[in-house]
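Each chain, written out:
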Amino acid sequence: MVNLPGLAGAPPVGHCLIMGVVNVTPDSFSDGGQWFGAAAAIEHGLGLVAAGADIIDVGGESTRPGAQRVSAEEELRRVKPVITELVRAGAVVSVDTMRATVAEWAVEAGVSLVNDVSGGLADPYMPRLVAKAGVPYVVMHWRGHSHDMQRRAVYTDVVREVHDELAQRVHAATAEGIDPGKIVLDLGLGFSKQPDWQGPEAHNWELLTRMPEVARIGGRDFPVLVGASRKRFLGRLLAGHDGAPRPFDESDAATVAVTALAAAAGAWCVRVHQVPANADAVRVAAAWREAASRQ
């Protein structure tokens, strides 16, 4: 396990980290199962490291809208060889899972972070497992599984409600013994959020522009992981004259723009599918923040 910069027991973070995505699934929204085979996924993960990724996030269960759950056995079958080889190669690996059994195996295999999109709601044993393991824990804002999450995208004040619901998950996690200094928040972009880019239901954009406000809980500023890469709200923003959203894999330039803005606003890490341009963006943002700090 590697102590990740910016979290408890590690040095300060010098720049926004890059988390590269490896979806070991046949039905991911963002890459259509391109890395479903173990050999392809391992090669892709190593390529992301070579391109500048600080962390490789390996997941074996799709969370695209409408996705149905797979069994724990199938999820483990998918991720085991990939995580094993990436850790063996010296990569810093996180496991993207909602299941404590999968997280437990991954921690024993050497992952450095547990990325739980349900924030502990899908499996009540997850916070206890993470506390025992002593690894950092990503707590995402979540209102339900993929098959019905969009019908839950109803808010009176999205910033206040997401903040309050994340605060509940933080309190639940720390009550199980998780060090608050090892908790990272994820705004849950695209999860139970409307993809509109203007008007009262521009949920994702409101959360991004008020990120520090969402992440301040109990007098503490929690680090934030931003997962905007190739999300539908970007495709909706970039829709053509016919109103058709931009395809997922044609939203990478917009992802880079969000990365630069989020990093300049103080994001701890960005989770992305394409690394090189996003790595450039965080370097630009770091220079921007450093220049601003001298004024």
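Just so you know, these numbers come straight off a predicted model, no measurement behind them.

Enquirer: Would you explain the overall build of the protein chain in this entry?
Expert: A count of helical and extended segments in the protein chain gives ten helices and ten strands. For the protein chain, the C-alpha radius of gyration of 18 Å lies close to 19 Å, the compact-globule estimate for 295 residues. Along the first, second and third principal axes, the C-alpha set of the protein chain runs to 45 × 45 × 35 Å. When each of the 295 residues of the protein chain is scored for burial, the buried share is 53%. Long-range pairs, those at least 24 residues apart, make up 67% of the contacts in the protein chain with a sequence separation of at least 6. Taken as a whole, the protein chain presents about 12600 Å² of accessible surface, with 53% of it coming from carbon and sulfur. Charge centroids of the protein chain, computed over 28 positive and 34 negative side chains, lie 2 Å from each other.

Enquirer: Could you clarify how one ought to interpret the pairing of strand S5 (residues 137-140) in this entry?
Expert: Moving residue by residue along a regular strand, the side chains alternate between the two faces of the sheet. Along S5, one buried face is formed by Tyr 137 and Val 139 and the opposite face, lined by Val 138 and Met 140, is buried too. By the bridge criterion, three bridges tie strand S4 (residues 113-116) to S5 in an arrangement that is parallel. When the bridges of S5 are listed, Asn 115 appears paired with Val 138. Looking at chain direction, S5 and strand S6 (residues 183-186) are connected through four bridges and run parallel. From the neighbouring strand, Val 138 faces S6, where its bridge partner is Val 184.

Enquirer: I tried to follow the pattern of salt bridges on my own but got confused; where do I start?
Expert: Side chains that carry opposite charge are capable of pairing whenever their charged atoms lie near each other. Counting across every chain of the model gives 17 salt bridges. We note a salt bridge from Arg 77 to Glu 74, for which the minimum N-O separation is 2.8 Å. Here the residue Arg 77 and the residue Glu 74 both occupy positions in helix H2 (residues 72-88), the gap between them amounting to three residues, near one helical turn. The exposure class of Glu 74 is partly exposed, given its relative accessible area of 21%. Arg 271 is paired through a salt bridge with Asp 96; the nearest N and O atoms lie 3.2 Å apart. Here the residue Arg 271 occupies a position in strand S10 (residues 269-272), and Asp 96 occupies one in strand S3 (residues 93-96), the gap between them amounting to 175 residues. Across this residue pair, the class does not change: Arg 271 and Asp 96 are buried.

Enquirer: I tried to follow the environment of Gly 181 on my own but got confused; where do I start?
Expert: In this fold, Gly 181 is placed in the loop between helix H5 (158-175) and S6. Judged by its relative accessible area of 11%, Gly 181 is buried. Contact partners of Gly 181, with chain neighbours within four places excluded, come to Leu 7, Ala 8 and Arg 220.

Enquirer: Sorry if this is basic, but what is going on with the pairing of S10 here?
Expert: Alternating residues of S10 divide into Cys 269 and Arg 271 and Val 270 and Val 272, and every residue in both groups is buried. In terms of strand pairing, strand S1 (residues 17-23) meets S10 through four bridges, oriented parallel. Looking at the pairing, Gly 20 lines up with Val 272 of S10. Direction of pairing for strand S9 (residues 224-226) relative to S10: parallel, over a ladder of two bridges.

Conventions adopted
In every chain, residue numbers begin from 1 and rise along the written sequence. Under the rules for a predicted model, residues below a pLDDT of 70 receive no local features and side-chain atom pairs below 80 are neither given nor counted, while totals for whole chains, interfaces and linings still include all residues. Only hydrogens and water are set aside; all other atoms, that is, all heavy atoms of the structure, feed into the side-chain values. Secondary structure follows DSSP: runs of H or I at least 4 residues long count as helices, runs of E at least 2 residues long count as strands, and numbering of each begins at the N terminus. Radius of gyration here is computed from C-alpha atoms only, and the compact-globule reference equals 2.2 Å multiplied by the residue count raised to the power 0.38. Relative accessible area decides the class of each residue, using a 1.4 Å probe on protein chains only: under 20% of the type maximum gives buried, over 50% gives exposed, and in between gives partly exposed. Any two residues having at least one pair of non-hydrogen atoms within 4.5 Å are treated as being in contact. Here the accessible surface of atoms and residues is derived via Shrake-Rupley with a 1.4 Å probe, and residues count as covered only by protein chains that are part of the display. When charges are counted, Lys and Arg contribute as positive and Asp and Glu as negative, whereas His and the chain ends are disregarded. Every charge is mapped to an atom, namely NZ of Lys, CZ of Arg, CG of Asp or CD of Glu. One requirement defines pairing of two strands: DSSP has to find at least two bridges between them. Any carboxyl oxygen of Asp or Glu that lies within 4 Å of a side-chain nitrogen of Lys or Arg is treated as forming a salt bridge with it.

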